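# A structural walkthrough
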Amino acid sequence: MPDNKLHWWQKTIAYEIYVKSFKDSNGDGIGDLKGITSELDYLKKLGVGALWLTPCYVSPQADNGYDVADYYNIDPAYGTMADMDELIAEAKKRDIRIVMDLVFNHTSCENAWFKESRQSRDNDKSDWYIWTDKPTNWRSIFGGSAWTYDEKRGQYYLHTFLKEQPDLNWKNPKVRQAVIDVANFWADKGVGGFRMDAVLYIRKPEVFKDGKPDAQDDMVAIHNMTVKQDGILDYLNEFKTKVISGRDMFTVGEANGVTAAELPQWVGKDGVFDMVFEFSHTQIDLPDEKNWSRRRSWTLPQWKSLFSQSQKQIEKLSNGWYPMYLENHDIARSVSHFLPDGAPRVQGAKALAALLLTMRGTPFVMQGEELGFVNVAWPSIDDYDDCYSKSHYEFAISEGYSKEEALEGVHRFSRDSARTPMQWNGTKNAGFSSSKPWMPIHDDYKTFNAEAEKNDPESVLNWYIALAKLRKEHSELIDGDYVDIMPYDEQIFAIRRENKEKKATILINLSSQTAFYDENLVKNAVQIAGSDGMSTKGKLSPYEAVVFEECI
Ligand code: GLC
Ligand code: CA
């Protein structure tokens, strides 16, 4: 595929900002939009061209903004619409486009749409949500029943997540039009893309017919009963036609449940999105997502095959593209998640960075990932903010795990680990805020922060910057094919990226032992990057990553 056929978002790096935790400009301990604007040059240096903001609309923050009360306004804690316009404009000057997070499976219970809907069974918006007299036994993803009784209306409403997050009824064409209007409002502001939150759940089955379905397994019930229901693609095609078509922007769907084999319906020219975030490689260590205290062991060949399956599917599709990620605001830090306990942190983070930035697709970096952040391990469940961590903890206890075991699961998988405030420097509050941050800062901030790493040539940050530059200078890293050249190797992730002119070979040792490979693989190639400096062909030190290139 020649370079000039690619869209801007296929050639760039995307970066996720957890708005509440990125940078506080007014000293209230909460990150805000002006804070983001003040750090655009930092992001520019990292090679970022797309900036995904977690929801910053008006919200009571039951789920940190994923409960939207008003899609047309900015939450006062984060600033004003003028601040948003300024951010969009300042970013654009630096060739950075803003990506909005669209939360359309549900709203907040404080949203005017819901407030009206719950008034009666016959108001204008009475069927904008999913109401019933006969709740099923479905369990919400965040724990407890997926149905909550509303006194006012005298009926139960459905919520896939918290009871403060009632699900919209997409069957109603007025609802579909309302979310399309919201999306067009933001698209008209010139944003560069949308991330579509929890989007696989928008179409509900016909629950009320024939005395409908109690789930057998009441733990992940709602996921199983509502994910990817027949007809969902019609809704999303409508959205694509009425919002995205003809605009220079991209969509990426959060797709917990799309398999590699199903990708053709979901991405590419004939798919509903440009990209989807798959979950398989991030859930490889979780048997079923129910219980963080139960873990599954996995091997590197298994992990590599998950990437290969998706890459193979996507490569067949016209305009198919892959969003590569190892971290986001819902999962653990990658160093803590994918590397064995005790792995050397800086080398390990650099090895993962090499993978993130050389895979075929658009890399999505989570704030702090470029600095090698690791998980927090707070002493009590009460120290945690995340509702999902709390429900996991309680569930583990109810299954007979000890408090220590339940907490161990939280330490390993809590969403809070990716949400601690950004560490800008080694001063008080890590330069994030002039007052006490809304969430504690990781206690490693004196060593792991943007300023210290900027001045250290061996840092994770400088390796990221080098890799970002490498992608710009070596076109095969952007448009080249992807082949896993050593799929069965237990230590090395070996990637071949090849276009018409050049071939890059990326060799990453993801183990704590020296690893050996056939040096004929890179016989005529020269080294263009190395996490440990010059590398000896045929051999990799623990966590060493090296990139070779040759002309064809
Ligand atoms: C998505 C978000 C997550 C949120 C949930 C409910 O999974 O990424 O943070 O809690 O949807 O909106
Ligand atoms: Ca603030």
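Everything in this summary refers to the structure shown in the same document. (Residues numbered from 1 in each chain as written. Chains lettered and ligands numbered in written order. Predicted model: local features only at pLDDT ≥ 70, side-chain atom pairs only at ≥ 80, totals over all residues. Heavy atoms only, no water.)

## Some details on the packing of aromatic side chains
Going by this rule: Aromatic rings from Phe, Tyr and Trp, with only the six-membered ring used for Trp, were paired whenever their centres fell within 6.5 Å, and each pair was classed as stacked if the ring planes differed by under 30 degrees, edge-to-face if by over 60, and tilted otherwise. Only when the NZ atom of a Lys or the CZ atom of an Arg is both within 6 Å of the ring centre and within 35 degrees of the ring normal do we say a charge sits over the ring.
Scanning the entire structure with this criterion turns up 37 aromatic pairs. Every member of this aromatic cluster is reached through a ring pair, and the members are Tyr57, Tyr71, Tyr72, Phe104, Trp113, Trp128, Phe185, Trp186 and Phe239. In this structure, lysine 23 packs its charged tip against the face of tryptophan 424, placed 5.3 Å from the ring centre.

## Observations concerning the pairing of strand β16 (residues 502-509)
To be explicit about the condition: For the exposure calls, accessible area comes from a 1.4 Å probe over protein chains only, and a residue counts as buried if that area is under 20% of its type's maximum, exposed if over 50%, partly exposed in between. We count a stretch as a helix when DSSP gives it H or I for four or more residues in a row; a strand needs E for two or more, and each element gets its number in order from the N terminus. At least two DSSP bridges between two strands are required for those strands to pair.
Extensive coverage of β16 is indicated by the burial of eight of its eight residues. Here β16 shows two buried faces, one formed by Lys502, Ala504, Ile506 and Ile508 and the other by Lys503, Thr505, Leu507 and Asn509. As defined by bridge partners, strand β15 (residues 492-498) adjoins β16 across seven bridges and the pair is classed as antiparallel. Pairing of arginine 496 across the sheet is with threonine 505, part of β16. Count of turn residues in the β15/β16 antiparallel hairpin: three residues. As paired strands, β16 and strand β20 (residues 545-551) are joined by seven bridges and run antiparallel to one another.

## Here we look at the coordination of the calcium ion (ligand 2)
Note the threshold: Only N, O and S atoms count as donors, using a 2.8 Å limit from the metal and a wider 3.2 Å limit for Na, K and Ca, and since water is excluded some coordination spheres may look unfilled.
Of the protein atoms, only Asp24 (OD), Asn26 (OD1), Asp28 (OD), Ile30 (O) and Asp32 (OD) coordinate the calcium ion (ligand 2), at distances of 2.3 to 2.4 Å. Read in sequence order, the donor residues for the calcium ion (ligand 2) give the motif D-x1-N-x1-D-x1-I-x1-D. A relative accessible area of 6% means that aspartate 24 is categorised as buried.

## Examining the site of ligand 1
The condition that has to hold: Note on terminology: near, applied to a residue and a molecule or strand, indicates that one of the residue's heavy atoms is within 4 Å of it. Each polar contact in these results corresponds to two N or O atoms within 3.5 Å; when the atoms are within protein, one needs to be able to donate a hydrogen and the other to accept it, and residues that are neighboring in sequence are counted only if both atoms are side-chain atoms. Only the protein chains shown count as cover for residues, with accessible areas throughout obtained via the Shrake-Rupley method and a probe of 1.4 Å. Amino acid classes used here: Ala, Val, Leu, Ile, Met, Phe, Trp, Tyr, Cys and Pro are nonpolar; Asp, Glu, Lys and Arg are charged; the rest, including Gly, are polar.
As a structural note, the neighbourhood of ligand 1 is formed by 13 residues, with Asp63, Asp197, Glu254, His329 and Asp330 the closest of them. Between ligand 1 and aspartate 330 there is a distance of 2.4 Å, counted from an oxygen atom to a side-chain nitrogen or oxygen. Calculation on ligand 1 without its partners gives an accessible area of 310 Å², and the protein chains cover 95% of this total. Of the residues that constitute the shell around ligand 1, the class distribution is three nonpolar, three polar and seven charged.

## A closer look at the pattern of salt bridges
Rules: Counted as salt bridges are all cases of a side-chain nitrogen of Lys or Arg within 4 Å of a carboxyl oxygen of Asp or Glu.
Throughout the structure, instances matching the rule amount to 34 salt bridges. Overlapping salt bridges bring together Asp63, Asp330, Asp386, Arg415 and Arg419 as one network.

## Details of the environment of phenylalanine 194
Keep this limit in mind: Any two residues whose heavy atoms approach within 4.5 Å are treated as being in contact.
Mapped onto the secondary structure, phenylalanine 194 falls in strand β9 (residues 193-197). Residues phenylalanine 194 and leucine 286, 92 residues apart in the sequence, show an inter-C-alpha distance of 28 Å. Discounting residues that sit within four places of it in the chain, phenylalanine 194 has contacts with Val99, Met100, Leu102, Ala183, Trp186, Ala187, Val243, Ile244, Met249, Phe250, Thr251 and Val252.

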